[in-house]
Amino acid sequence: QVQLKESGGGLVQAGDSLRLSCAASGRTTSNYAMAWFRQAPGKEREFVAAISWSGGSTDYADSVKGRFTISRGNAKNAVYLQMNSLKPEDTAVYYCAATTTRYYGGSASVGYGYWGQGTQVTVSS
């Protein structure tokens, strides 16, 4: 089993920055491909960013390209999401996701077998 724990959410103003963190524990000998998804009230969960287990491949939703950066920790069992120039439409619960069965999980939620509890990000205008 893999446990994921997000942190770093909060209430900020438009234009501010936040850095989300996600730590994986459990199967520490596995390689994790990881991603961030988000879900706003009344909306479907949507892809934000993904990173391969080596950190060599990344992908972003069009809505966050140029503003968000996904990266991995040196120990490879952590992933970060640096969010700059935040907008009110970025308000959502942000979820960390991981897969141990693929080098790169992709942008579909079905590619990930492990999920965190989520962390709330609220951006005021």
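What comes next concerns the included structure. Computed from a predicted model, the values in this text were never measured in an experiment.

**Digging into the overall build of the chain**
Move 1: The secondary structure content of the chain amounts to zero helices and 11 strands.
Move 2: Since a compact globule built from 125 residues should have a radius of gyration of about 14 Å, the 13 Å found for the chain is in line with a globular shape.
Move 3: Per-residue burial for the chain yields a buried fraction of 46% across its 125 residues.
Move 4: A separation threshold of at least 6 residues defines the contact pool for the chain, and within that pool the share at least 24 residues apart is 58%.
Move 5: For the chain, the exposed surface amounts to about 6200 Å²; the carbon and sulfur share of it is 45%.
Move 6: Distance between charge centres in the chain, computed from 12 positive and 8 negative side chains, equals 8 Å.

**Here's the deal with the pattern of salt bridges**
Move 1: What the rule picks out here adds up to four salt bridges.
Move 2: Between Asp-90 and Arg-67 there is a salt bridge whose closest N-O contact spans 2.8 Å. Of this pair, Asp-90 sits in the loop between strand E8 (78–83) and strand E9 (92–99) while Arg-67 is found in the loop between strand E6 (58–60) and strand E7 (68–72), placing the two residues 23 residues apart along the sequence. Each member of the pair, Asp-90 as well as Arg-67, is classed as buried.
Move 3: Beyond isolated ion pairs, a larger network of salt bridges with shared partners links Arg-38, Glu-46, Arg-67 and Asp-90.

**A few points about the state of the cysteines**
Covalently bonding the sulfur atom of one cysteine to the sulfur atom of another cysteine gives a disulfide.
Move 1: In total, this model carries one disulfide according to the counting rule given.
Move 2: One disulfide bridge connects Cys-22 with Cys-96, the sulfur atoms lying 2.0 Å from each other. Its S-S torsion of approximately -80 degrees makes the covalent link between Cys-22 and Cys-96 left-handed. With a gap of 74 residues between them, Cys-22 in strand E3 (residues 18–25) and Cys-96 in strand E9 connect regions that are remote in the sequence.

**A word on the sheet that holds E3**
Move 1: Judged by pairing direction, the sheet is antiparallel, and its four strands sit side by side in the order E1-E3-E8-E7 without closing on themselves. The outermost strands of the open sheet, each flanked by one partner alone, are strand E1 (3–7) and E7. When the angles between neighbouring strand axes are averaged without regard to direction, this sheet yields 15 degrees.
Move 2: Where E7 meets E8, five bridges bridge the pair, whose relative direction is antiparallel. Bridge pairing links Phe-68 to Met-83 in E8.

Cut-offs applied
- Residues numbered from 1 in each chain as written.
- Predicted model: local features only at pLDDT ≥ 70, side-chain atom pairs only at ≥ 80, totals over all residues.
- Heavy atoms only, no water.
- Helix = DSSP H or I, 4+ residues; strand = E, 2+ residues; numbered from the N terminus.
- Rg over C-alpha atoms; globule rule 2.2 N^0.38 Å.
- Buried < 20%, exposed > 50% of the residue type's maximum accessible area, 1.4 Å probe, protein only.
- Contact = heavy atoms within 4.5 Å.
- Areas by Shrake-Rupley, 256 points an atom, 1.4 Å probe, with all protein chains shown as cover.
- Lys, Arg positive; Asp, Glu negative; His and termini not counted.
- Charge placed at Lys NZ, Arg CZ, Asp CG, Glu CD.
- Salt bridge = Lys/Arg side-chain N within 4 Å of Asp/Glu carboxyl O.
- Disulfide = S-S within 2.5 Å.
- Pairing = 2+ DSSP bridges.
- Axes fitted to C-alpha atoms, helices over the stretch in contact; angles between N-to-C directions.

That's the geometry; what it means functionally is another story.
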